[in-house]
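Report on the structure
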Amino acid sequence: MEKIIINTPGSRSEIHIGAGWESVGTLLPGSGVVIVTDDNIKRLYGDKFPDVPVLSVVPGEDSKKLTVIEQLADKLLEAGIDRNGFILAVGGGVVCDLAGFLASVYLRGVRCGYVSSSLLSQVDASTGGKNGVNLGGTKNIIGIIRQPEFVICDTAMLFTLSEEEYLSGLAEMIKTAIIGDAELFDLIENSFKGIKERDYDLLTDMVYRSVKFKAAVVTEDERETGLRRILNFGHTFGHAIEMQTQFKHGFAVASGMELATYFSLDRGLLDENSAVRIINLLKKFGLLRDYDISHTQIERLVTHDKKKAGSSIHFVFSDGIGNAVVEKISIPEIIDFYKRFKDKT
Ligand SMILES: NC(=O)c1ccc[n+]([C@@H]2O[C@H](COP(=O)([O-])OP(=O)(O)OC[C@H]3O[C@@H](n4cnc5c(N)ncnc54)[C@H](O)[C@@H]3O)[C@@H](O)[C@H]2O)c1
(Lines give C-alpha, C1' and ligand atoms only; values in the text may rest on other atoms or scores of the structure.)
Protein backbone atom coordinates (compact mmCIF):
# COMPACT_ATOMS: atom_id res chain seq x y z
CA MET A 1 0.00 0.00 0.00
CA GLU A 2 1.17 3.53 -0.78
CA LYS A 3 0.77 6.09 1.99
CA ILE A 4 0.12 9.84 1.69
CA ILE A 5 0.17 12.07 4.76
CA ILE A 6 -1.89 15.21 5.25
CA ASN A 7 -0.44 17.43 7.95
CA THR A 8 -2.68 20.31 8.95
CA PRO A 9 -2.64 22.50 12.05
CA GLY A 10 -3.43 20.18 14.96
CA SER A 11 -4.00 17.00 12.95
CA ARG A 12 -2.39 14.33 10.86
CA SER A 13 -4.24 12.11 8.45
CA GLU A 14 -2.84 9.03 6.68
CA ILE A 15 -4.24 7.95 3.35
CA HIS A 16 -3.45 4.37 2.32
CA ILE A 17 -3.87 3.49 -1.35
CA GLY A 18 -3.86 -0.07 -2.68
CA ALA A 19 -5.34 -3.42 -1.72
CA GLY A 20 -6.08 -4.81 1.71
CA TRP A 21 -8.89 -2.88 3.40
CA GLU A 22 -9.66 -6.05 5.36
CA SER A 23 -6.63 -5.37 7.54
CA VAL A 24 -8.23 -2.15 8.82
CA GLY A 25 -8.42 -3.78 12.28
CA THR A 26 -4.71 -3.08 12.75
CA LEU A 27 -5.46 0.67 12.69
CA LEU A 28 -8.30 0.49 15.22
CA PRO A 29 -8.29 0.74 19.02
CA GLY A 30 -9.04 -2.44 20.95
CA SER A 31 -12.49 -1.28 22.12
CA GLY A 32 -15.22 1.30 21.53
CA VAL A 33 -15.27 0.92 17.73
CA VAL A 34 -18.52 1.25 15.77
CA ILE A 35 -18.86 0.90 12.00
CA VAL A 36 -21.11 3.26 10.03
CA THR A 37 -21.94 1.96 6.57
CA ASP A 38 -24.85 1.66 4.13
CA ASP A 39 -27.01 -1.35 3.29
CA ASN A 40 -25.27 -2.01 -0.07
CA ILE A 41 -21.80 -2.06 1.45
CA LYS A 42 -22.97 -4.16 4.38
CA ARG A 43 -24.46 -6.72 1.97
CA LEU A 44 -21.32 -6.83 -0.21
CA TYR A 45 -18.57 -6.57 2.41
CA GLY A 46 -20.22 -7.07 5.82
CA ASP A 47 -18.80 -10.58 6.26
CA LYS A 48 -15.28 -9.11 6.26
CA PHE A 49 -16.03 -6.28 8.71
CA PRO A 50 -14.15 -6.31 12.04
CA ASP A 51 -16.29 -7.83 14.80
CA VAL A 52 -17.81 -4.58 16.17
CA PRO A 53 -21.33 -3.06 16.20
CA VAL A 54 -22.50 -1.99 12.72
CA LEU A 55 -24.87 0.91 12.06
CA SER A 56 -26.18 0.83 8.52
CA VAL A 57 -28.07 3.60 6.71
CA VAL A 58 -30.19 3.52 3.57
CA PRO A 59 -27.85 4.03 0.57
CA GLY A 60 -27.91 7.37 -1.21
CA GLU A 61 -27.92 11.12 -0.79
CA ASP A 62 -31.21 11.14 1.10
CA SER A 63 -29.42 9.73 4.16
CA LYS A 64 -27.20 12.81 4.38
CA LYS A 65 -29.44 14.72 6.77
CA LEU A 66 -29.61 15.79 10.39
CA THR A 67 -32.34 13.34 11.36
CA VAL A 68 -30.04 10.46 10.38
CA ILE A 69 -27.23 11.99 12.48
CA GLU A 70 -29.65 12.12 15.40
CA GLN A 71 -30.66 8.47 14.94
CA LEU A 72 -27.03 7.35 14.68
CA ALA A 73 -26.03 9.36 17.77
CA ASP A 74 -28.87 7.69 19.67
CA LYS A 75 -27.52 4.28 18.68
CA LEU A 76 -23.98 5.26 19.75
CA LEU A 77 -25.35 6.21 23.15
CA GLU A 78 -27.28 2.94 23.37
CA ALA A 79 -24.07 1.04 22.51
CA GLY A 80 -22.32 2.85 25.36
CA ILE A 81 -19.81 4.67 23.16
CA ASP A 82 -17.97 7.25 25.25
CA ARG A 83 -15.27 9.82 24.49
CA ASN A 84 -12.79 7.02 23.78
CA GLY A 85 -15.02 5.74 21.00
CA PHE A 86 -13.95 5.34 17.39
CA ILE A 87 -16.23 5.62 14.35
CA LEU A 88 -15.14 3.69 11.28
CA ALA A 89 -16.92 4.66 8.07
CA VAL A 90 -17.03 1.97 5.39
CA GLY A 91 -18.64 3.32 2.25
CA GLY A 92 -18.79 6.02 -0.39
CA GLY A 93 -18.97 9.79 -0.08
CA VAL A 94 -22.36 9.77 1.64
CA VAL A 95 -21.24 7.40 4.39
CA CYS A 96 -17.88 9.19 4.89
CA ASP A 97 -19.52 12.66 5.00
CA LEU A 98 -22.15 11.39 7.43
CA ALA A 99 -19.80 9.40 9.69
CA GLY A 100 -17.17 12.16 9.68
CA PHE A 101 -19.77 14.69 10.80
CA LEU A 102 -21.17 12.30 13.41
CA ALA A 103 -17.66 11.74 14.80
CA SER A 104 -17.10 15.51 14.91
CA VAL A 105 -20.20 16.32 16.94
CA TYR A 106 -20.88 13.20 19.05
CA LEU A 107 -19.67 14.02 22.58
CA ARG A 108 -18.00 17.06 20.97
CA GLY A 109 -15.78 14.78 18.94
CA VAL A 110 -14.59 11.17 18.89
CA ARG A 111 -11.87 9.59 16.73
CA CYS A 112 -12.68 8.38 13.23
CA GLY A 113 -11.28 6.74 10.10
CA TYR A 114 -12.65 5.77 6.69
CA VAL A 115 -12.57 2.79 4.37
CA SER A 116 -13.48 4.68 1.23
CA SER A 117 -15.32 2.41 -1.19
CA SER A 118 -16.45 4.38 -4.27
CA LEU A 119 -14.24 5.98 -6.90
CA LEU A 120 -15.76 9.36 -6.13
CA SER A 121 -14.99 9.10 -2.45
CA GLN A 122 -11.48 7.73 -3.06
CA VAL A 123 -10.41 10.51 -5.43
CA ASP A 124 -12.32 13.31 -3.74
CA ALA A 125 -14.83 13.01 -0.88
CA SER A 126 -12.77 11.14 1.69
CA THR A 127 -9.62 13.28 1.38
CA GLY A 128 -9.52 16.74 2.91
CA GLY A 129 -11.65 16.49 6.03
CA LYS A 130 -14.80 18.18 4.78
CA ASN A 131 -17.87 16.45 6.14
CA GLY A 132 -21.49 17.33 6.63
CA VAL A 133 -25.11 16.90 5.72
CA ASN A 134 -27.65 18.55 3.44
CA LEU A 135 -30.50 20.78 4.55
CA GLY A 136 -33.61 20.52 2.39
CA GLY A 137 -32.41 20.91 -1.18
CA THR A 138 -29.13 22.59 -0.27
CA LYS A 139 -26.09 20.36 -0.27
CA ASN A 140 -23.45 20.18 2.47
CA ILE A 141 -24.77 23.26 4.24
CA ILE A 142 -24.15 21.89 7.74
CA GLY A 143 -20.76 20.42 8.50
CA ILE A 144 -17.21 21.06 9.50
CA ILE A 145 -13.66 20.42 8.37
CA ARG A 146 -11.96 17.74 10.48
CA GLN A 147 -9.43 15.22 9.22
CA PRO A 148 -10.09 11.50 9.79
CA GLU A 149 -7.10 9.70 11.33
CA PHE A 150 -6.81 7.49 8.28
CA VAL A 151 -8.46 6.76 4.96
CA ILE A 152 -8.07 3.45 3.15
CA CYS A 153 -8.61 3.58 -0.62
CA ASP A 154 -8.64 -0.05 -1.74
CA THR A 155 -9.09 0.01 -5.51
CA ALA A 156 -10.19 -3.66 -5.50
CA MET A 157 -13.46 -2.42 -3.93
CA LEU A 158 -14.17 -0.51 -7.14
CA PHE A 159 -14.85 -3.78 -9.00
CA THR A 160 -18.28 -4.03 -7.36
CA LEU A 161 -19.28 -0.44 -8.14
CA SER A 162 -22.03 0.09 -10.75
CA GLU A 163 -20.97 1.59 -14.09
CA GLU A 164 -22.94 4.77 -13.34
CA GLU A 165 -21.23 5.31 -9.97
CA TYR A 166 -17.84 4.45 -11.45
CA LEU A 167 -18.22 7.03 -14.21
CA SER A 168 -19.45 9.60 -11.71
CA GLY A 169 -16.15 9.17 -9.83
CA LEU A 170 -14.17 9.29 -13.06
CA ALA A 171 -15.53 12.81 -13.65
CA GLU A 172 -13.91 14.01 -10.40
CA MET A 173 -10.67 12.34 -11.42
CA ILE A 174 -10.78 14.17 -14.76
CA LYS A 175 -11.36 17.38 -12.77
CA THR A 176 -8.17 16.74 -10.80
CA ALA A 177 -6.26 16.19 -14.03
CA ILE A 178 -7.57 19.43 -15.57
CA ILE A 179 -6.76 21.61 -12.57
CA GLY A 180 -3.51 20.06 -11.42
CA ASP A 181 -2.00 17.12 -13.24
CA ALA A 182 -1.43 17.29 -17.00
CA GLU A 183 0.26 13.85 -16.95
CA LEU A 184 -2.83 12.34 -15.37
CA PHE A 185 -4.89 13.97 -18.13
CA ASP A 186 -2.67 12.33 -20.79
CA LEU A 187 -2.93 9.01 -18.98
CA ILE A 188 -6.75 9.16 -18.91
CA GLU A 189 -6.82 10.21 -22.57
CA ASN A 190 -4.62 7.25 -23.54
CA SER A 191 -6.16 4.58 -21.31
CA PHE A 192 -9.78 4.37 -22.44
CA LYS A 193 -9.83 0.55 -22.56
CA GLY A 194 -7.99 0.06 -19.25
CA ILE A 195 -10.28 2.52 -17.50
CA LYS A 196 -13.44 0.95 -18.91
CA GLU A 197 -12.18 -2.50 -17.90
CA ARG A 198 -11.14 -1.20 -14.45
CA ASP A 199 -7.56 -2.37 -14.73
CA TYR A 200 -6.38 -2.70 -11.13
CA ASP A 201 -2.85 -1.30 -11.50
CA LEU A 202 -4.02 1.57 -13.67
CA LEU A 203 -6.80 2.49 -11.21
CA THR A 204 -4.41 2.35 -8.27
CA ASP A 205 -1.98 4.65 -10.06
CA MET A 206 -4.73 7.11 -11.03
CA VAL A 207 -6.31 7.15 -7.56
CA TYR A 208 -2.84 7.67 -6.05
CA ARG A 209 -2.15 10.65 -8.33
CA SER A 210 -5.55 12.19 -7.59
CA VAL A 211 -5.21 11.82 -3.83
CA LYS A 212 -1.65 13.11 -3.90
CA PHE A 213 -2.76 16.29 -5.64
CA LYS A 214 -5.73 16.89 -3.36
CA ALA A 215 -3.66 16.15 -0.25
CA ALA A 216 -1.06 18.75 -1.31
CA VAL A 217 -3.79 21.36 -1.84
CA VAL A 218 -5.47 20.60 1.49
CA THR A 219 -2.14 20.65 3.33
CA GLU A 220 -1.55 24.16 2.03
CA ASP A 221 -5.08 25.51 2.51
CA GLU A 222 -7.26 23.32 4.71
CA ARG A 223 -9.89 26.01 5.39
CA GLU A 224 -10.44 26.97 1.71
CA THR A 225 -9.36 30.56 1.99
CA GLY A 226 -7.37 30.47 -1.25
CA LEU A 227 -5.78 27.59 -3.15
CA ARG A 228 -8.35 24.95 -2.13
CA ARG A 229 -10.97 26.82 -4.14
CA ILE A 230 -9.51 25.37 -7.35
CA LEU A 231 -11.01 22.01 -6.36
CA ASN A 232 -14.38 23.56 -7.16
CA PHE A 233 -13.65 23.58 -10.90
CA GLY A 234 -16.96 22.77 -12.61
CA HIS A 235 -18.85 22.94 -9.32
CA THR A 236 -20.53 26.38 -9.57
CA PHE A 237 -22.63 25.25 -12.53
CA GLY A 238 -22.32 21.60 -11.47
CA HIS A 239 -24.11 22.12 -8.15
CA ALA A 240 -26.85 24.08 -9.91
CA ILE A 241 -27.30 21.29 -12.46
CA GLU A 242 -27.26 18.66 -9.70
CA MET A 243 -30.01 20.49 -7.79
CA GLN A 244 -32.21 20.75 -10.88
CA THR A 245 -31.74 17.27 -12.40
CA GLN A 246 -31.45 13.68 -11.22
CA PHE A 247 -27.78 13.58 -12.31
CA LYS A 248 -25.29 11.90 -10.03
CA HIS A 249 -22.69 14.28 -8.60
CA GLY A 250 -19.94 13.46 -11.12
CA PHE A 251 -22.21 13.80 -14.15
CA ALA A 252 -23.42 17.21 -12.92
CA VAL A 253 -19.79 18.25 -12.33
CA ALA A 254 -18.88 17.02 -15.84
CA SER A 255 -21.52 19.33 -17.34
CA GLY A 256 -20.26 22.08 -15.03
CA MET A 257 -16.74 21.46 -16.32
CA GLU A 258 -17.97 21.69 -19.91
CA LEU A 259 -19.40 25.13 -19.09
CA ALA A 260 -16.29 26.21 -17.14
CA THR A 261 -14.11 25.11 -20.06
CA TYR A 262 -16.07 27.15 -22.62
CA PHE A 263 -16.17 30.06 -20.16
CA SER A 264 -12.36 29.88 -19.84
CA LEU A 265 -12.10 29.89 -23.63
CA ASP A 266 -14.56 32.77 -23.84
CA ARG A 267 -12.40 34.87 -21.50
CA GLY A 268 -9.22 34.11 -23.41
CA LEU A 269 -7.71 32.09 -20.57
CA LEU A 270 -7.68 28.73 -22.32
CA ASP A 271 -6.49 27.88 -25.84
CA GLU A 272 -8.87 26.21 -28.25
CA ASN A 273 -6.87 22.97 -28.57
CA SER A 274 -6.95 22.37 -24.78
CA ALA A 275 -10.67 23.16 -24.64
CA VAL A 276 -11.35 20.62 -27.41
CA ARG A 277 -9.28 17.97 -25.60
CA ILE A 278 -11.23 18.51 -22.36
CA ILE A 279 -14.65 18.39 -24.02
CA ASN A 280 -13.69 15.34 -26.11
CA LEU A 281 -12.51 13.47 -23.03
CA LEU A 282 -15.76 14.16 -21.19
CA LYS A 283 -17.73 13.04 -24.25
CA LYS A 284 -15.63 9.92 -24.81
CA PHE A 285 -16.61 8.53 -21.40
CA GLY A 286 -20.27 9.51 -21.89
CA LEU A 287 -20.17 12.05 -19.06
CA LEU A 288 -22.09 14.83 -20.81
CA ARG A 289 -25.83 14.33 -20.58
CA ASP A 290 -28.64 16.52 -21.90
CA TYR A 291 -30.35 18.89 -19.52
CA ASP A 292 -32.76 21.73 -19.99
CA ILE A 293 -32.24 24.50 -17.45
CA SER A 294 -33.12 28.10 -18.31
CA HIS A 295 -30.78 30.97 -17.46
CA THR A 296 -33.29 32.29 -14.91
CA GLN A 297 -33.30 28.92 -13.13
CA ILE A 298 -29.49 28.85 -13.22
CA GLU A 299 -29.39 32.34 -11.72
CA ARG A 300 -31.64 31.27 -8.86
CA LEU A 301 -29.60 28.13 -8.24
CA VAL A 302 -26.18 29.79 -8.50
CA THR A 303 -27.29 32.57 -6.15
CA HIS A 304 -28.39 29.90 -3.72
CA ASP A 305 -24.96 28.24 -3.76
CA LYS A 306 -23.22 28.57 -0.43
CA LYS A 307 -19.94 29.58 -2.06
CA LYS A 308 -21.44 32.91 -3.09
CA ALA A 309 -19.77 35.91 -1.43
CA GLY A 310 -22.07 38.92 -1.85
CA SER A 311 -23.05 39.44 -5.48
CA SER A 312 -19.96 37.75 -6.87
CA ILE A 313 -18.51 34.26 -6.93
CA HIS A 314 -15.03 32.77 -6.86
CA PHE A 315 -15.24 31.07 -10.21
CA VAL A 316 -12.61 28.50 -11.18
CA PHE A 317 -11.23 28.72 -14.72
CA SER A 318 -8.71 26.56 -16.52
CA ASP A 319 -5.79 28.39 -18.07
CA GLY A 320 -4.23 25.29 -19.58
CA ILE A 321 -4.54 21.56 -18.90
CA GLY A 322 -3.01 20.91 -15.48
CA ASN A 323 -3.60 24.41 -14.16
CA ALA A 324 -6.46 26.48 -12.77
CA VAL A 325 -7.07 30.08 -11.76
CA VAL A 326 -9.74 31.53 -9.53
CA GLU A 327 -11.36 34.86 -10.34
CA LYS A 328 -14.01 36.70 -8.41
CA ILE A 329 -16.68 37.52 -10.94
CA SER A 330 -20.17 38.92 -10.76
CA ILE A 331 -23.22 36.69 -10.97
CA PRO A 332 -24.64 38.68 -13.96
CA GLU A 333 -21.41 37.88 -15.88
CA ILE A 334 -21.85 34.18 -15.14
CA ILE A 335 -25.48 34.22 -16.18
CA ASP A 336 -24.70 36.19 -19.33
CA PHE A 337 -22.16 33.54 -20.32
CA TYR A 338 -24.64 30.72 -19.59
CA LYS A 339 -27.30 32.43 -21.72
CA ARG A 340 -24.89 32.85 -24.64
CA PHE A 341 -23.72 29.24 -24.30
CA LYS A 342 -27.28 27.90 -24.28
CA ASP A 343 -28.32 30.07 -27.23
CA LYS A 344 -25.48 28.53 -29.27
CA THR A 345 -26.21 24.89 -28.42
N1 LIG B 1 -16.46 15.78 1.68
C2 LIG B 1 -16.06 16.13 0.48
O3 LIG B 1 -15.03 16.80 0.32
C4 LIG B 1 -16.85 15.69 -0.72
C5 LIG B 1 -16.31 15.86 -2.00
C6 LIG B 1 -17.06 15.37 -3.09
C7 LIG B 1 -18.29 14.76 -2.88
N8 LIG B 1 -18.76 14.63 -1.61
C9 LIG B 1 -20.04 13.98 -1.36
O10 LIG B 1 -19.94 12.60 -1.71
C11 LIG B 1 -21.25 12.12 -1.99
C12 LIG B 1 -21.21 11.27 -3.23
O13 LIG B 1 -20.32 10.20 -3.01
P14 LIG B 1 -20.56 8.80 -3.70
O15 LIG B 1 -20.75 9.01 -5.17
O16 LIG B 1 -19.53 7.87 -3.23
O17 LIG B 1 -22.01 8.42 -3.14
P18 LIG B 1 -22.55 7.21 -2.24
O19 LIG B 1 -21.81 7.11 -0.98
O20 LIG B 1 -24.02 7.39 -2.20
O21 LIG B 1 -22.20 5.93 -3.11
C22 LIG B 1 -22.86 5.76 -4.32
C23 LIG B 1 -23.54 4.38 -4.38
O24 LIG B 1 -22.54 3.41 -4.59
C25 LIG B 1 -22.64 2.40 -3.59
N26 LIG B 1 -21.29 1.93 -3.35
C27 LIG B 1 -20.26 2.60 -2.76
N28 LIG B 1 -19.14 1.86 -2.81
C29 LIG B 1 -19.45 0.71 -3.44
C30 LIG B 1 -18.72 -0.45 -3.81
N31 LIG B 1 -17.42 -0.58 -3.57
N32 LIG B 1 -19.38 -1.45 -4.46
C33 LIG B 1 -20.70 -1.33 -4.75
N34 LIG B 1 -21.45 -0.26 -4.44
C35 LIG B 1 -20.83 0.75 -3.78
C36 LIG B 1 -23.31 3.05 -2.42
O37 LIG B 1 -23.97 2.09 -1.62
C38 LIG B 1 -24.29 3.99 -3.12
O39 LIG B 1 -25.45 3.30 -3.50
C40 LIG B 1 -22.14 13.33 -2.14
O41 LIG B 1 -22.97 13.42 -0.99
C42 LIG B 1 -21.18 14.50 -2.19
O43 LIG B 1 -21.72 15.68 -1.66
C44 LIG B 1 -18.06 15.07 -0.53
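Residues numbered from 1 in each chain as written. Predicted model: local features only at pLDDT ≥ 70, side-chain atom pairs only at ≥ 80, totals over all residues.

Section: the overall build of the protein chain
Along its length, the protein chain carries 13 helices and 12 strands. The globule rule puts the C-alpha radius of gyration for 345 residues at 20 Å, and the 20 Å found for the protein chain is close to it. Its C-alpha atoms put the protein chain at 60 × 40 × 35 Å along the principal axes. Here the protein chain holds 345 residues, and 46% of them are scored as buried. Contacts in the protein chain between residues far apart in sequence, at least 24 positions, make up 68% of those at least 6 positions apart. (Helix = DSSP H or I, 4+ residues; strand = E, 2+ residues; numbered from the N terminus. Rg over C-alpha atoms; globule rule 2.2 N^0.38 Å. Buried ≥ 20, exposed ≤ 12 C-beta atoms within 10 Å, placed from the backbone. Contact = placed C-beta atoms within 7 Å.)

Digging into the pairing of strand β1 (residues 2-8)
For a regular strand, the rule is simple: side chains alternate between the two faces of the sheet. Where β1 and strand β2 (residues 11-17) come together, seven bridges link them in antiparallel fashion. The residue of β2 that forms the bridge with isoleucine 4 is isoleucine 15. Between β1 and β2, which follow one another and run antiparallel, lie two residues, and glycine 10 among them has a positive phi close to 80°. (Pairing = 2+ DSSP bridges.)

As for the domain arrangement of the protein chain
As assigned here, the protein chain comprises domain 1 (2-161) and domain 2 (177-344). One C-alpha centre belongs to domain 1, the other to domain 2; they are set 26 Å apart. Contact residues are listed per partner, giving 25 residues for domain 1 and 21 residues for domain 2. Of all the elements in the fold, those that place two or more residues in the side of domain 1 that touches domain 2 are β1, β2, α4 (119-125) and β8 (138-142). (Domains from an automatic or database assignment.)

With respect to the environment of leucine 76
Mapped onto the elements of the fold, leucine 76 is located in helix α2 (residues 66-78). Given 22 C-beta atoms within a 10 Å radius, leucine 76 is considered buried. Sequence separation of leucine 76 and proline 53 is 23 residues, and the distance between their C-alpha atoms is 9.4 Å. Beyond its immediate sequence surroundings of up to four residues, leucine 76 is in contact with Val34, Ile81, Gly85 and Tyr106.

Notes on the site of the ligand
For the ligand, the set of nearby residues contains 31 residues, the closest of which are Asn40, Gly92, Gly93, Ser118 and Ala125. When the residues that make up the shell around the ligand are grouped by side-chain class, the tally is nine nonpolar, 14 polar and eight charged. (Near = placed C-beta within 6 Å. Nonpolar A, V, L, I, M, F, W, Y, C, P; charged D, E, K, R; others polar.)

Here's the deal with the sheet that holds β2
Taken in spatial order, the seven strands of this open sheet run β1-β2-β9-β6-β5-β3-β4, and their pairing is mixed. A single partner strand is all that each edge strand has here, and the edge strands are β1 and β4 (54-57). For this sheet the average axis-to-axis angle between neighbouring strands, irrespective of direction, equals 15°. Relative to strand β9 (residues 150-153), strand β6 (residues 111-116) is paired through three bridges, and the arrangement is parallel. For serine 116, the partnering residue across the bridge sits in β9 and is cysteine 153. (Axes fitted to C-alpha atoms, helices over the stretch in contact; angles between N-to-C directions.)

A word on the pairing of β6
Here β6 lies mainly inside the structure; five of its six residues are buried. Strand direction decides the pairing type here: strand β5 (residues 86-91) and β6, joined by six bridges, are parallel. Across the sheet, isoleucine 87 pairs through a bridge with cysteine 112, a residue of β6. Taking the sense of rotation as the criterion, the β-α-β connection linking β5, helix α3 (residues 93-105) and β6 turns out right-handed. (Right-handed = clockwise from strand over helix to strand, strands pointing away.)

Topic: the packing of helix α5 (residues 163-180) against helix α10 (residues 249-266)
Running from N to C, α5 and α10 point in directions that differ by 35°, and their axes come no closer than 7 Å. For the pair α5 and α10, the sense of crossing is left-handed. Residues Leu167, Ser168, Gly169, Leu170, Ala171, Glu172, Lys175 and Ile178 of α5 touch α10, and the partners they reach there are His249, Gly250, Phe251, Val253, Ala254 and Met257. (Left-handed = near helix turned anticlockwise from the far one by under 90°.)

Things to note about α10
Its 18 residues place the ends of α10 25 Å apart at the C-alpha level, agreeing with the 26 Å of an ideal helix rising 1.5 Å per residue. Counting buried positions over the 18 residues of α10 gives 16, a clear majority of the element. The first or second residue beyond α10 is glycine 268, which carries a positive phi of 75°. (Expected span 1.5 Å × (residues − 1).)

Side note on the nonpolar core
If you look at the biggest cluster of nonpolar residues, it comprises 97 residues, and the most contacted ones within it are Val36, Ile87, Ala89, Leu98, Ala99 and Leu102. Both of domain 1 (2-161) and domain 2 (177-344) provide at least three residues apiece to this core. In contact with leucine 98, not counting residues within four places along its chain, are Val36, Val57, Ser63, Lys64, Val68 and Val133. (Core = buried A, V, L, I, M, F, W, Y, C linked by C-beta atoms within 7 Å.)

A closer look at the packing of helix α9 (residues 235-244) against α10
Remark: α9 packs on α10, axes separated minimally by 7 Å, with the N-to-C direction vectors making an angle of 135°. The angle between the axes of α9 and α10 places the two elements in the oblique class. Crossing of α9 over α10 shows right-handed handedness. Contacts between α9 and α10 involve His235, Thr236, Phe237, Gly238, Ile241 and Glu242 from the first element and His249, Ala252, Val253, Ser255, Gly256, Leu259 and Ala260 from the second. (Parallel < 35°, antiparallel > 145°, perpendicular 65-115°, else oblique.)

Looking at the environment of glutamate 327
You can see glutamate 327 is positioned in strand β12 (residues 324-330). For glutamate 327, a count of 13 C-beta atoms within 10 Å corresponds to the partly exposed category. Along the sequence, glutamate 327 and threonine 236 sit 91 residues apart, while their C-alpha atoms lie 13 Å from each other. Excluding residues within four positions of it along the chain, glutamate 327 makes contact with Phe315 and Phe317.

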